[in-house]
Amino acid sequence: MPALAPYATVYAPDLMGAGFSDRPAGIDHSTRGTAKRLLRFIERLGISSFDLLGTSRGGAVAMMAAECLSGNSKLHLRRLVLVAPVNPYSAHGQRLAPFFGSAFGAALFRLFIAGTPFSYPYLHSRLYGDRSRIPPEALEGYKAPLAKPGVFEHALSIARTWKQDLRELEGTLPKLASIPTLLIWGSKDPAVYASSAARLAKYFPNSKVIVFPGIGHLPYEECPDEFNRALIEFLTGGKVPA
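A. Quick look at the overall build of the protein chain. A count of helices and strands for the protein chain gives 11 helices and four strands. Over its C-alpha trace the protein chain gives a radius of gyration of 18 Å, about what one expects of a compact globule, namely 18 Å for 242 residues. Its C-alpha atoms give the protein chain principal-axis dimensions of roughly 50 × 40 × 35 Å. Across the 242 residues of the protein chain, 44% fall into the buried class. Relative to all contacts within the protein chain whose residues are 6 or more apart in sequence, the contacts with residues 24 or more apart total 74%. Accessible surface, the protein chain as shown: approximately 12,600 Å² in total, 58% of it carbon and sulfur. Distance between charge centres in the protein chain, computed from 27 positive and 19 negative side chains, equals 5 Å.

If you want it as structure tokens, here you go:
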């Protein structure tokens, strides 16, 4: 956000159920339900034209939000930035999330993952391509919201609609071809495989794909200078001094 601030007004909404936000029972956590809440947030701010950046599952939400804007005369999406976005072409997510969405998988998740906090450092470190690049205190930042009740139920509610969300997203992609898009990945992403970037990019003919070598799922943490430079150049259309 500090890097982008000289070029734009930046909003980073803490989406319902994530981070430190409330976790009301029964809320629709599908990608479409989340996208609609995001667009209501933007509309209530009085913003009419904007760029949208989404990372990981947030990338899937961003693509769904773009589709939801079809026929909306009040909101105009200028550009889309997708950072290792969840998509139908990464085989890893297609297997794991639906498993945790099942009754057996959910029970296993609660028993082993929610009940073994000593495993968090290992799970967190696996998101990085080079563990020497993990920012100081990053793990503590990710662990802090876990103290808020309902975090694991929120994760499981996302897993339950995962397969349906991916099917709907695949049907949505052909409608997004006109949006200028930047796709950013790390070549060693263990969560959403970089190999899915090429197939996803086919739906965005007006797109640019950047794959950072040796980087994992969190390029904005692992190589922040390179990430910010690429992002600002895309948004401004100009070169940023090194």
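B. Structural view of the sheet that holds strand 4 (residues 207-212). Pairing in this open sheet of four strands is parallel, and the strands run 1-2-3-4 from one edge to the other. One side of each edge strand has no neighbouring strand; the edge strands of this open sheet are strand 1 (49-55) and strand 4. Ignoring which end each strand starts from, the neighbouring axes of this sheet average 15 degrees apart. Pairing of strand 2 (residues 76-83) with strand 3 (residues 181-186), which is carried by four bridges, proceeds in the parallel orientation. Within the sheet, the bridge partner assigned to Leu80 lies in strand 3 and is Thr181. Where helix 11 (residues 224-236) meets the sheet, its contacts fall on strand 1, strand 2, strand 3 and strand 4, and the angle it forms with strand 2 comes to roughly 155 degrees.

C. Molecular detail of the nonpolar core. By size, the foremost hydrophobic cluster in this structure holds 38 residues, and its most contacted members are Phe50, Met63 and Leu80. Taken together, the elements giving at least two residues each to this core come down to helix 1 (31-44), strand 1, helix 2 (57-68), strand 2, helix 8 (162-172), strand 3 and helix 9 (197-201). If one sorts the elements of this core by residue count, helix 2 sits on top with eight residues. With residues up to four places along the chain from it excluded, the contact list for Phe50 reads Leu39, Ile42, Leu69, Leu75, His76, Leu77, Arg78 and Arg79.

D. Quick peek at empty space enclosed by the protein. This model, assessed by the stated rule, comprises one cavity of 30 Å³ or more. Of the voids in this model, the largest cavity is the one considered here, and its volume is about 50 Å³. The wall of the largest cavity is formed by Thr31, Arg57, Ala60, Val86, Trp162, Asp165, Leu166 and Leu169. Those elements giving two or more residues to the lining of the largest cavity turn out to be helix 2 and helix 8. Among the elements that line the lining of the largest cavity, the one with the most residues is helix 8, at four residues.

E. A look at the packing of helix 2 against helix 8. Two elements in contact, helix 2 and helix 8, have axes whose closest approach is 10 Å; the angle formed by their N-to-C orientations is 45 degrees. The orientation of helix 2 with respect to helix 8, classified from their angle, is oblique. Note that helix 2 runs across helix 8; the crossing there is left-handed. On the side of helix 2, the interface is formed by Arg57, Ala60, Met63, Met64 and Glu67, while helix 8 contributes Trp162, Asp165, Glu168, Leu169 and Thr172. Partitioned by chemical class, the residues of the contact of helix 2 with helix 8 number five nonpolar, one polar and four charged.

Cut-offs and rules
Residues numbered from 1 in each chain as written. Predicted model: local features only at pLDDT ≥ 70, side-chain atom pairs only at ≥ 80, totals over all residues. Heavy atoms only, no water. Helix = DSSP H or I, 4+ residues; strand = E, 2+ residues; numbered from the N terminus. Rg over C-alpha atoms; globule rule 2.2 N^0.38 Å. Buried < 20%, exposed > 50% of the residue type's maximum accessible area, 1.4 Å probe, protein only. Contact = heavy atoms within 4.5 Å. Areas by Shrake-Rupley, 256 points an atom, 1.4 Å probe, with all protein chains shown as cover. Lys, Arg positive; Asp, Glu negative; His and termini not counted. Charge placed at Lys NZ, Arg CZ, Asp CG, Glu CD. Pairing = 2+ DSSP bridges. Axes fitted to C-alpha atoms, helices over the stretch in contact; angles between N-to-C directions. Core = buried A, V, L, I, M, F, W, Y, C linked by side-chain atoms within 4.5 Å. 1 Å grid on protein atoms, 1.4 Å probe; cavity = no way out; pocket = protein on both sides within 12 Å on 5 of 7 lines; lining within 4 Å. Points joined across faces, edges and corners; volume = space filled by probe spheres on them. Parallel < 35°, antiparallel > 145°, perpendicular 65-115°, else oblique. Left-handed = near helix turned anticlockwise from the far one by under 90°. Nonpolar A, V, L, I, M, F, W, Y, C, P; charged D, E, K, R; others polar.

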